[in-house]
Amino acid sequence: MPTENTVPLDASAAVLKPSEPMPDFAVSVEGPNFEKDMSLRELLESYKRIGFQANTLGKAIDIVNRMRKWRLSDEPVAADESEEYLSPEVRANTKCNIFLGYTSNLISSGLREIILYLVKHRHVSAIVTTAGGIEEDFIKCLGKTYLADFNLDGADLRRRGMNRIGNLIVPNDNYCKFEDWLTPILDTMLAEQKETGHVWTPSSFIRRLGKEINNEESVYYWAYKNDIPVFCPALTDGSLGDMIYFHSFKNPGLIVDIVQDIRNLNELSRRSRKAGMIILGGGVCKHQIANAMLIRNGADYSVYINTGQEFDGSDSGARPDEAVSWGKIRAGSESVKVFADATLVFPLLVAATFVQPDHQAQ
């Protein structure tokens, strides 16, 4: 029986349970040391040892840099290699195809300029987004989007002709300007369709608008200039759909074919020697890219950045391992989900990866 001066053995055993030794590869937690001068790159490198979502951002940076670094010349020549890829020069210039997906609100935000940088400098091979992710880029060339507040009164904003996107405001006049700009282009596209028999796809539609806007502030101007395909399976789900709807009364007959685009996207995935996904947000853009990866038995590198949770069974909230079960991410490949608002962390990820010279991609 324990006495008043003796620690009970069962309590002591429960509290002072001995640990197994940590393995040699274990990494200790350590934050950045601001006593020393530190560059942005060094600060982001320190994220790997902070823990929680800082740690996942550090992993995302590593995965993206491996996407950037990979060349086919890193791999041994297979016995059944096609003649197209036997040349050492061709192998050294064959890179990982990076598929970038993002939701429309991110083009409404200041991430638009970061996405523009990636497209202008050919850091991505293909884009998948939603209707708002297309139209808001062109609308920003016609009028400004402004910072505001999440708590503004919706009825008052409606009375004043102001549209709220989170804590951003878009004057409705911008959409009127968009209709004035877009309608004659739709007329011309319909006339060309009738004359040539050429049927538009969402990607060729977007490419044409990128050409017509002729503005270096536009993401899709640079996609047009650099021949980077932009896929938008839900092209009519937004202001573009409104304008196409109005146009169908004034000048009916325009056809936009989604079938050819799914073939184009899936074939781009299938033919990729290595494929990586960077997906900001969820919904259509996330699943359309992931589903294209299924055609090649999964992506080789995957980075998700979103705030979605998986408890409701949504694809938006699903972690990478769910995609592994479907064959959309290859088993054993490198993948990570960063649980964060993309406007907080994507600028940091790009600063630590694509902005750095290629030889620094470790």
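Above this text you will find the structure in question.
Nothing here was measured: the structure is a model prediction, and the numbers come from that model.

Visitor: Can you help me understand the overall build of the protein in this one?
Guide: A count of helical and extended segments in the protein gives 16 helices and nine strands. Based on the C-alpha atoms only, the size of the protein along its principal axes is roughly 95 × 65 × 45 Å. Considering the protein as a whole, with its 362 residues, one finds that 44% of them fall into the buried category. If you sum the accessible surface of the protein, you get close to 19600 Å²; carbon and sulfur atoms cover 52% of it. Across the protein, the centroid of the 39 positively charged side chains sits 3 Å from that of the 48 negatively charged ones.

Visitor: Honestly, the packing of helix α7 (residues 131–142) against helix α10 (residues 202–213) in this entry has me stumped. Any pointers?
Guide: How two helices sit against one another is set out by the angle between their axes and by the gap between those axes. Where α7 meets α10, the axes come as close as 11 Å, and the angle between the chain directions of the two elements is 10 degrees. With respect to their mutual orientation, α7 and α10 come out roughly parallel. Contact residues: α7 offers I134, F138 and C141, while α10 offers I206, L209, G210 and I213. Residues of the contact of α7 with α10, tallied by class, amount to six nonpolar, one polar and no charged.

Visitor: I tried to follow the layout of surface pockets on my own but got confused; where do I start?
Guide: Any empty space left between atoms is shown by rolling a water-sized probe over those atoms. By volume, the largest pocket amounts to about 490 Å³. The residue inventory of the lining of the largest pocket, partitioned by class, reads seven nonpolar, seven polar and seven charged. The space that makes up the second largest pocket amounts to roughly 340 Å³. Lining the second largest pocket are 19 residues, and of these N105, L106, D341, A342 and T343 sit closest to its centre. Going through the elements one at a time, α5 (104–108), β8 (299–306) and α16 (342–352) are the ones with two or more residues in the lining of the second largest pocket. Each residue belonging to the lining of the second largest pocket can be placed in one class, and the counts come to eight nonpolar, ten polar and one charged.

Visitor: Just to check I follow, could you spell out the environment of F354 for this structure?
Guide: Topologically, F354 is positioned in the segment after α16. Judged by its relative accessible area of 2%, F354 falls in the buried class. Sequence spacing of F354 and V64 is 290 residues, and the spatial spacing of their C-alpha atoms is 8.4 Å. Non-local contacts of F354, meaning those with residues more than four positions away in its chain, are made with V64, R68, I98, Y117, L118, H123 and I278.

Visitor: Looking at this structure, I do not really get the sheet that holds strand β5 (residues 168–171). What am I missing?
Guide: By definition, the strands of a sheet pair up through backbone hydrogen bonds, in either a parallel or an antiparallel sense. An order of β3-β5-β4 is seen for the three strands of this open sheet, with the pairing classed as antiparallel. Looking at strand neighbours, the two that pair on one side only are β3 (146–147) and β4 (162–165), the edges of this open sheet. Summarising the sheet, β4 and β5 pair through four bridges and their orientation is antiparallel. Looking across to β5, one finds that R164 is bridged to I169. Sheet strands in contact with helix α9 (residues 173–196) are β4 and β5, and its direction is about 50 degrees off that of β5.

Visitor: I tried to follow the nonpolar core on my own but got confused; where do I start?
Guide: Grouped burial of nonpolar side chains is what soluble globular proteins tend to show. Y102, Y220 and F346 are the most contacted members of the largest nonpolar core, which has 70 residues in total. Beyond its immediate sequence surroundings of up to four residues, Y220 is in contact with Y102, I107, T129, G133, I134, D137, F138, I206, G210 and V230. Core analysis: the next-biggest nonpolar cluster, separate from the first, contains 18 residues, F231, L265, A290 and A292 among them.

Visitor: Even after reading the chapter, I still don't get the state of the cysteines, so can you show me in this structure?
Guide: Chemically, a disulfide is nothing more than a covalent bond linking the sulfur atoms of two cysteines. In this structure the tally under the stated criterion is zero disulfides. C141 provides the cysteine sulfur closest to C176, a residue in no disulfide bond, and the two sulfurs are 17 Å apart. The thiol of C285 is unpaired, and the distance to the nearest cysteine sulfur, on C232, comes to 9.9 Å. Taking the relative accessible area as the measure of exposure, C285 reaches 0% and is therefore buried.

Visitor: So what exactly am I meant to see when it comes to the packing of aromatic side chains here?
Guide: Any aromatic ring pair is given by two values, namely how distant the centres are and how the planes are angled relative to each other. Using the criterion set out here, one finds six aromatic pairs in the structure. Note on Y245 and F246: the rings are 5.5 Å apart at their centroids and 45 degrees apart in plane angle, and the pair reads as tilted. A relative accessible area of 36% places F246 in the partly exposed class. Taken together, F138, F178, W181 and Y220 form an aromatic cluster joined through their ring pairs. The ring centre of Y85 lies 4.6 Å from the NZ or CZ of R273, which sits over that ring. When the ring centre of Y304 is taken as origin, the NZ or CZ atom of K286, which lies over that ring, is 4.3 Å away.

Visitor: Where do I start with unusual backbone geometry in this structure?
Guide: Glycine aside, residues mostly have negative phi, and peptide bonds are mostly found in the trans state. If you check the backbone angles, F52 has positive phi at about 55 degrees while not being a glycine. With respect to the helices, strands and loops of the structure, F52 is situated in helix α3 (residues 52–69). F52 gets classed as exposed once you look at its relative accessible area, which sits at 78%. A positive phi angle is found at D227, which is not glycine, with a value near 55 degrees. Along the chain, the position of D227 falls in the loop between α11 (219–225) and β6 (230–231). Residue class for D227 comes out exposed when judged on its relative accessible area of 58%.

Visitor: Where do I start with the sheet that holds strand β1 (residues 97–102) in this structure?
Guide: Spatially, six strands are ordered β6-β2-β1-β7-β8-β9 in an open sheet, and the strand pairing comes out parallel. At either end of the open sheet lies a strand with only one pairing partner, and these are β6 and β9 (329–339). As paired elements, β8 and β9 share seven bridges and run parallel to each other. Considered in β9, the bridge of I305 is made with V338. In this fold helix α14 (residues 284–294) packs onto β1, β2 (126–128), β7 (275–280) and β8, with an angle of close to 170 degrees to the strand it touches most, β7.

The rules behind each value
Residues numbered from 1 in each chain as written. Predicted model: local features only at pLDDT ≥ 70, side-chain atom pairs only at ≥ 80, totals over all residues. Heavy atoms only, no water. Helix = DSSP H or I, 4+ residues; strand = E, 2+ residues; numbered from the N terminus. Buried < 20%, exposed > 50% of the residue type's maximum accessible area, 1.4 Å probe, protein only. Areas by Shrake-Rupley, 256 points an atom, 1.4 Å probe, with all protein chains shown as cover. Lys, Arg positive; Asp, Glu negative; His and termini not counted. Charge placed at Lys NZ, Arg CZ, Asp CG, Glu CD. Axes fitted to C-alpha atoms, helices over the stretch in contact; angles between N-to-C directions. Parallel < 35°, antiparallel > 145°, perpendicular 65-115°, else oblique. Contact = heavy atoms within 4.5 Å. Nonpolar A, V, L, I, M, F, W, Y, C, P; charged D, E, K, R; others polar. 1 Å grid on protein atoms, 1.4 Å probe; cavity = no way out; pocket = protein on both sides within 12 Å on 5 of 7 lines; lining within 4 Å. Points joined across faces, edges and corners; volume = space filled by probe spheres on them. Pairing = 2+ DSSP bridges. Core = buried A, V, L, I, M, F, W, Y, C linked by side-chain atoms within 4.5 Å. Disulfide = S-S within 2.5 Å. Phe/Tyr/Trp six-rings, centres within 6.5 Å; stacked < 30°, edge-to-face > 60°. Lys NZ or Arg CZ within 6 Å of the ring centre and 35° of its normal.

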